[in-house]
Amino acid sequence: MGTDVERIREQYPQGTKLRLLKDLDDPYAPKRAGDVMTVSHVDDAGQVHGTWKSGGSLALLYGVDAFDVISRP
């Protein structure tokens, strides 16, 4: 999976802004479509981490969660 993770890191470098396209029904930190995340890093499992405009730090799962890029650094 190493190459997949590197590809995800190249696509979503630190400072990239992502918009959530579908609600995330996480029981501890739900996020609604339209919320914006600023990427801090991609971990070794390929999860995209960052801070949400609405608060919190719930990671996005590449290939599972629906999101698009608003801007790249």
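Residues numbered from 1 in each chain as written. Predicted model: local features only at pLDDT ≥ 70, side-chain atom pairs only at ≥ 80, totals over all residues. Heavy atoms only, no water.

Chemist: Is there a simple way to explain the overall build of the protein chain in this structure?
Modeler: When helices and strands are tallied, the protein chain shows one helix and five strands. Shown N-terminal to C-terminal, the secondary structure of the protein chain runs as helices and strands in the order α-β-β-β-β-β. Against the 2.2 N^0.38 benchmark of 11 Å for 73 residues, the protein chain shows a C-alpha radius of gyration of 11 Å, consistent with a compact globule. For the C-alpha atoms alone, the extent of the protein chain along its principal axes is close to 30 × 25 × 15 Å. For the protein chain, with 73 residues in total, the buried portion stands at 33%. The long-range fraction of contacts in the protein chain, counting pairs at least 24 apart against all pairs at least 6 apart in sequence, stands at 48%. As displayed, the protein chain offers around 4,500 Å² of accessible surface, 51% of which is attributable to carbon and sulfur atoms. Of the side chains in the protein chain, 9 bear a positive and 11 a negative charge, and the two mean positions are spaced by 7 Å. (Helix = DSSP H or I, 4+ residues; strand = E, 2+ residues; numbered from the N terminus. Rg over C-alpha atoms; globule rule 2.2 N^0.38 Å. Buried < 20%, exposed > 50% of the residue type's maximum accessible area, 1.4 Å probe, protein only. Contact = heavy atoms within 4.5 Å. Areas by Shrake-Rupley, 256 points an atom, 1.4 Å probe, with all protein chains shown as cover. Lys, Arg positive; Asp, Glu negative; His and termini not counted. Charge placed at Lys NZ, Arg CZ, Asp CG, Glu CD.)

Chemist: Please clarify how the packing of aromatic side chains should be interpreted in this entry.
Modeler: Applying the stated criterion across every chain yields a total of two aromatic pairs. For the ring pair Tyr12 and Phe67, a centre distance of 5.6 Å and an interplane angle of 65 degrees mean the geometry is edge-to-face. Placement of the pair is Tyr12 in the loop between α1 (2-11) and β1 (17-20) and Phe67 in strand β5 (residues 67-71), with a sequence separation of 55 residues. Look at Phe67 and you get buried, because its relative accessible area is 14%. Of the aromatic side chains, those joined through ring pairs into one cluster are Tyr12, Tyr62 and Phe67. (Phe/Tyr/Trp six-rings, centres within 6.5 Å; stacked < 30°, edge-to-face > 60°.)

Chemist: Please explain the sheet that holds strand β3 (residues 47-52) as it appears in this structure.
Modeler: Pairing between the strands of a sheet is mediated by backbone hydrogen bonds and can be parallel or antiparallel. One open sheet holds the five strands; their spatial order is β4-β3-β2-β1-β5, and the pairing between them is antiparallel. Edge positions in the open sheet fall to β4 (60-61) and β5, since each of these has one partner strand only. (Pairing = 2+ DSSP bridges.)

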